[in-house]
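Each chain is listed here by its residues.
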Amino acid sequence: MIQNNKYRLLVEYLAIALGSGLLAFSLVFFLEPNTIAPGGVTGFAILIQKLFGIPIDFTNLAVNVPLFIAGIMILGKAFGAKTAYATIMLSVFIRFFYVFFGEIAVTDDLLLAAIYGGVISGVGLGIVFRFGGTTGGTDLGGAILNKFFPNFSTAKMMMVLDLLVVVAAGLVERRIETSLYSIIALYILVKLIDFIVEGLSYAKAFYIISKDPEVMGKKITQELHRGVTALSGKGVYTGSNRDVLLCVVNRAQVAKLKRIVHEVDPKAFMMVSTIHEVLGEGFKEVK
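Rules and cut-offs
- Each chain has its residues counted from 1, following the order in which its sequence is written.
- This being a predicted model, a pLDDT of at least 70 is required before a residue's local features are given, and a value of 80 or more before pairs of side-chain atoms are given or counted; all residues contribute to the totals for chains, interfaces and linings.
- With hydrogens and water set aside, each side-chain value is computed from the structure's full complement of heavy atoms.
- UniProt positions are given in the numbering used here, feature names are shortened, and annotations may be inferred rather than shown by experiment.
- We treat two strands as partners when DSSP finds at least two bridges between them.
- A run of H or I in DSSP counts as a helix once it spans at least four residues, and a run of E counts as a strand once it spans at least two, with each numbered from the N terminus.
- All axes are obtained by fitting lines to C-alpha atoms, using only the stretch in contact for helices, and the reported angles, taken between N-to-C directions, cover 0 to 180 degrees.
- Contact definition: two residues touch when any of their heavy atoms are within 4.5 Å.
- If you view the pair so one helix is near and one far, a crossing is left-handed when the near helix is turned anticlockwise from the far one by less than a right angle, and right-handed when it is turned clockwise.
- Each residue is assigned to one class: nonpolar for Ala, Val, Leu, Ile, Met, Phe, Trp, Tyr, Cys and Pro, charged for Asp, Glu, Lys and Arg, and polar for all the others, Gly among them.
- Only one rule defines a salt bridge in this text: a Lys or Arg side-chain nitrogen within 4 Å of an Asp or Glu carboxyl oxygen.
- Think of it in three bands: residues with accessible area under 20% of the maximum for their type are buried, residues over 50% are exposed, and the middle band is partly exposed, with areas taken using a 1.4 Å probe on protein chains only.
- Two aromatic rings, drawn from Phe, Tyr or Trp (for Trp, its six-membered ring), form a pair once their centres lie within 6.5 Å of each other, and the interplanar angle then sorts them: stacked below 30 degrees, edge-to-face above 60, tilted otherwise.

An unreviewed UniProt entry lists the chain under the name YitT family protein, with Isachenkonia alkalipeptolytica given as the organism. The UniProt entry for the chain carries the following comment under Subcellular location (unreviewed entry): "Cell membrane".

Trainee: Mind showing me how you'd approach the sheet that holds strand β1 (residues 203-209) here?
Mentor: Strand pairing within a sheet occurs via backbone hydrogen bonds; the two strands may be parallel or antiparallel. Here four strands make up an open sheet; going across it, the order is β2-β3-β1-β4 and the pairing antiparallel. The sheet terminates laterally at β2 (229-234) and β4 (269-275), the two strands that pair on one side only. Strand after strand, the sheet turns through a mean of 25° between neighbouring axes, direction not considered. Across seven bridges, β1 lies against β4 in antiparallel orientation. Bridge pairing in β4 places A205 opposite S273. In the packing of helix α9 (residues 213-224) onto the sheet, the strands contacted are β1 and β3 (241-250), and the crossing angle to β3 comes to about 15°. Sitting on the sheet, helix α10 (residues 254-264) is in contact with β1, β3 and β4, with an inclination near 10° to β1.

Trainee: Explanation requested: the packing of α9 against α10 in the structure shown.
Mentor: Where α9 meets α10, the closest approach of the two axes is 10 Å, and the angle between their N-to-C directions is 145°. Regarding α9 and α10, the two cross each other, and that crossing is right-handed. Here V215, M216, K219, I220, E223 and L224 of α9 come into contact with α10, specifically with K256, L257, R259, I260, V261, E263 and V264. In the contact of α9 with α10, the residues fall into eight nonpolar, no polar and five charged.

Trainee: In this structure, what is going on with the pattern of salt bridges? I would like to understand it.
Mentor: When their charged atoms lie close together, side chains carrying opposite charge are able to pair. If you walk through the whole model with that rule in mind, you get four salt bridges. In this structure, E223 and K219 form a salt bridge, with 2.8 Å as the shortest nitrogen-oxygen distance. In this pair, E223 and K219 both sit in helix α9, four residues apart, roughly one turn of the helix. Judged by relative accessible area, which is 36%, E223 ranks as partly exposed. Residues participating in the shared-partner salt-bridge network are K219, E223, R259 and E263.

Trainee: How do you make sense of the UniProt feature "transmembrane region" (unreviewed entry) in the chain when you look at a structure like this?
Mentor: UniProt records the feature "transmembrane region" (unreviewed entry) at residues 12-31, 51-76, 83-101, 113-133, 154-172 and 178-197, using the numbering of this structure. Taken end to end, residues 178-197 is 100% helix and 0% strand, and its two terminal C-alpha atoms sit 28 Å from one another.

Trainee: Even after reading the chapter, I still don't get the packing of aromatic side chains, so can you show me in this structure?
Mentor: Between two aromatic rings, the relevant description is the distance of the centres plus the angle of the planes. This model, assessed by the stated rule, comprises 11 aromatic pairs. With a centroid separation of 4.7 Å and 40° between ring planes, the pair formed by F96 and F100 is classed as tilted. Residue F96 and its partner F100 are located together in helix α4 (residues 77-101), separated by four residues, close to a single helical turn. Residues F97 and F101 carry aromatic rings whose centres are separated by 6.3 Å and whose planes lie at 45° to one another, so their mutual orientation is tilted. Placement of the pair is F97 and F101 together in helix α4, with a separation of four residues, close to one helical turn. Judged by its relative accessible area of 44%, F101 falls in the partly exposed class. Pairwise contacts between aromatic rings join F25, F29, F30, F93, F96, F97, F100, F101 and Y116 into one cluster.

Pasting the structure below:
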């Protein structure tokens, strides 16, 4: 058991290092050379320097230290340790790329830089988030806010904070293009983070109202091997009590379930909704 925990911890820290390296790569070779503000504390520090002449490293320190302390208090020591590690690794990789490759832009095309910078940054940050860390700045702020507002993902919280920085930076530089291309990069980044953190575990939830709920439920269970839950319902117009069947299936079983419903009761009322993550028996393991 102890060996398994050590192995898992090693994998987590290696993955966080990989994610930090990808983020550093996107910043050094795509975003920074083309003055596409990636948002975050770095973009905020540049804005403060332009407005008040305060050095970037001082602003980064002044913002990240309180965030780091708040992260430990709110998110726990383990989260704080991984955040400190990811923040250090990000700085190490950035310095490594600058020392060995210098300031080289992979492309001078702003749109390509925004797209590929956003994709690589999103993959890197997604990996860091997936294994329980952040790289400080707005991603740590987003994780803290997510603790209080769980209905909004960390990535979406980050996007709100980063957009404020991006818009402000564009106004200060008096270049609307900076803000516009940065917004493209941020949008791609957020989508990639959500994709990596949530994975491809999309499923469909069916709500079925039928005149033969028992027959319907048994047939679904027998043919699809999925659980069916009967919820008590009452028609407002008719005043009659009816069971509402709830069944969650994967994407491959959607057509089969529709066929079963039609065979048992062609006039059945059916609602289908998309679920982004399902945990439990028959789906993803609960951790």
